[in-house]
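# Architecture and fold: a report
One letter stands for each residue in the lines below.
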Amino acid sequence: MVDLMGGDARWNIPVLDHGFVALVDCMPRFAPEGKTGDAAIVQAARVSYGQGTKQISEDRGLVRYLLRHRHTTPLEMVEFKFHIAMPIFVARQWIRHRTANVNEYSARYSIVPDRFYHPTLDAVRKQSTSNRQGGDGTVDSGTATEFLALLDRAEANYKDYLRLSEQGVARELARSVLPVSVYTEWYWKCDLHNILHFLSLRMDEHAQMEIRVFAQAMFELIKPIVPVTCEAFVDYNLEAMHLTRLEIEAVRSGQPLNSTNKREQAEWEAKRAKLGLGPTA
Ligand SMILES: Cc1cc2nc3c(=O)[nH]c(=O)nc-3n(C[C@H](O)[C@H](O)[C@H](O)COP(=O)(O)OP(=O)(O)OC[C@H]3O[C@@H](n4cnc5c(N)ncnc54)[C@H](O)[C@@H]3O)c2cc1C
């Protein structure tokens with residue numbers, strides 16, 4: 001969908017209650033007639049391989065070869081620029097991806113808008129027992145209600161934030177009364193190689209749901225521009241799996257995994273399920 005905000009042409013996908021991922025620019029802007037942005041990757045790879053591309057001359061085959069063999073620099077010839085609004089706790093995870101160029105809204109310079117991430121009652125997750133870093137299912141409704149009431153109280157600080165700012169407290173300090181559920185926004189520009197790395201980590205089921213939905217929106221926005229690369233990314237990365245030496249040995253010998261580490265064993269069982277092997281006998 002094309003949305004016009006502040007005079008910018010953009011493709012915009014709303015995310016969570018107040019967030020969005022908007023694609024505002026990309027490179028290549030030009031592609032040969034009938035071709036997609038994947039052409040820029042093929043063009044760069046052909047320079048690098050020269051005569052060697054004779055064996056893999058078909059564009060789609062070449063892109064898929066590059067992704068299978070982790071020959072990634074041609075992917076860096078494609079760039080995307082996004083405008084994103086997300087809760088601060090999501091931004092903290094996001095900013096760990098160091099290869100992007102970022103310009104964030106300044107809460108020292110401007111008043112923070114009144115936007116807070118506020119999940120619905122049935123979206124309040126329970127602490128996972130199997131994954132210390134994750135949530136699982138929903139917590140009982142009494143506890144969820146208490147949690148949401150606490151969020152309401154934290155959001156009510158916004159009035160005091162405005163009042164204190166008006167009374168002369170510096171914005172850079174006054175903001176510290178706001179919770180990490182408040183939204184921030186930034187422009188985020190990154191090349192396709194590093195975007196795929198970001199998506200691989202943040203579309204994964206181990207990533208927190210609140211950042212996963214942003215990553216999924218980003219993937220939807222780039223798919224029409226580099227469809228061949230995105231398809232290869234799903235085939236060779238997102239839906240693929242890595243087997244360790246111990247796991248390969250277990251498959252070959254038909255024996256249980258040669259490890260006493262419980263987490264490693266659980267990971268192996270999950271991979272067996274994905275491979276349709278059934279649980280270890
Ligand atoms: C599910 C999950 C849980 C996480 N939990 C935690 C946590 O508990 N605590 C925590 O602190 N972080 C956590 N992280 C963040 C994680 O450790 C990484 O910082 C983050 O995923 C960024 O990964 P990256 O460094 O590969 O990416 P980027 O910063 O985008 O870098 C891309 C690639 O560039 C290269 N690169 C970039 N900078 C350097 C450098 N300085 N030196 C060498 N190579 C470089 C590396 O090859 C890197 O993989 C978590 C991430 C995920 C996905």
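Residues numbered from 1 in each chain as written. Predicted model: local features only at pLDDT ≥ 70, side-chain atom pairs only at ≥ 80, totals over all residues. Heavy atoms only, no water.

Turning our eyes to something else, we now look at the overall build of the protein chain. For the protein chain, the count of helices and strands is 10 helices and eight strands. If one aligns the C-alpha atoms of the protein chain with their principal axes, the spans along those axes are about 70 × 55 × 30 Å. Each of the 281 residues in the protein chain was classed as buried or not, and the buried ones make up 36%. A separation of at least 24 residues holds for 68% of the contacts in the protein chain among residues at least 6 apart in sequence. (Helix = DSSP H or I, 4+ residues; strand = E, 2+ residues; numbered from the N terminus. Buried < 20%, exposed > 50% of the residue type's maximum accessible area, 1.4 Å probe, protein only. Contact = heavy atoms within 4.5 Å.)

To continue, consider the pattern of salt bridges. All told, the structure shown has 14 salt bridges when counted by the stated rule. Because the salt bridges share partners, they merge into one network encompassing Arg60, Arg64, Glu231 and Asp235. (Salt bridge = Lys/Arg side-chain N within 4 Å of Asp/Glu carboxyl O.)

With an omega of 15 degrees, the peptide bond between methionine 27 and proline 28 qualifies as cis. With respect to the helices and strands, proline 28 occurs in the loop between strand S3 (19-27) and helix H1 (38-49). In this structure, leucine 16 is a non-glycine residue whose phi angle is positive, near 55 degrees. Checked against the element boundaries, leucine 16 lands in the loop between strand S2 (8-15) and S3.

A word on the nonpolar core. Phe82, Trp94, Trp188 and Leu199 are the most contacted members of the largest nonpolar core, which has 45 residues in total. No other element matches the eight residues that helix H7 (residues 209-222) contributes to this core. Apart from the residues lying within four places of it in its own chain, the contact partners of phenylalanine 82 are Val21, Ala22, Leu23, Val24, Trp186, Tyr187, Trp188, Ile195, Met218, Leu221 and Ile222. Membership of the second largest hydrophobic core comes to eight residues, among which are Val112, Tyr158, Tyr161 and Ala174. (Core = buried A, V, L, I, M, F, W, Y, C linked by side-chain atoms within 4.5 Å.)

What follows concerns the side chain of asparagine 194. Here asparagine 194 lies in helix H6 (residues 192-202). The exposure class of asparagine 194 is buried, given its relative accessible area of 16%.

With respect to the helices and strands, the residue valine 21 is situated in strand S3. Through-space distance from the C-alpha of valine 21 to that of arginine 10 is 9.8 Å; in sequence the pair is 11 residues apart. With residues near it in sequence (within four places) discarded, valine 21 still touches Trp11, Asn12, Ile13, Val15, Phe82, His83, Ile84, Phe214, Ala217, Met218 and Leu221.

Before going further, it helps to spend a moment on the packing of H6 against H7. It is the contact of H6 with H7, at a shortest axis distance of 9 Å, that shows an interaxial angle of 140 degrees. In terms of their interaxial angle, H6 and H7 are classed as oblique. Two packed elements cross with a definite hand, and for H6 against H7 that hand is left-handed. Within the contact between the two elements, H6 uses Leu192, Ile195, Phe198, Leu199 and Arg202 and H7 uses Ile211, Arg212, Ala215, Met218, Phe219 and Ile222. (Axes fitted to C-alpha atoms, helices over the stretch in contact; angles between N-to-C directions. Parallel < 35°, antiparallel > 145°, perpendicular 65-115°, else oblique. Left-handed = near helix turned anticlockwise from the far one by under 90°.)

Okay, the packing of helix H2 (residues 59-68) against helix H8 (residues 227-238) next. When two helices pack together, their arrangement is captured by the angle between the axes and the distance separating the axes. In contact at an axis separation of 9 Å, H2 and H8 are set at 40 degrees when each is read in the N-to-C sense. It follows that H2 is oblique to H8 by the angle criterion. For H2 against H8, the interelement crossing comes out right-handed. Taken together, the residues of H8 that come into contact with H2 (itself represented by Arg60, Val63, Arg64, Leu67 and Arg68) are Val228, Thr229, Glu231, Ala232, Phe233, Asp235 and Tyr236. Considered class by class, the residues forming the contact of H2 with H8 number six nonpolar, one polar and five charged. (Nonpolar A, V, L, I, M, F, W, Y, C, P; charged D, E, K, R; others polar.)

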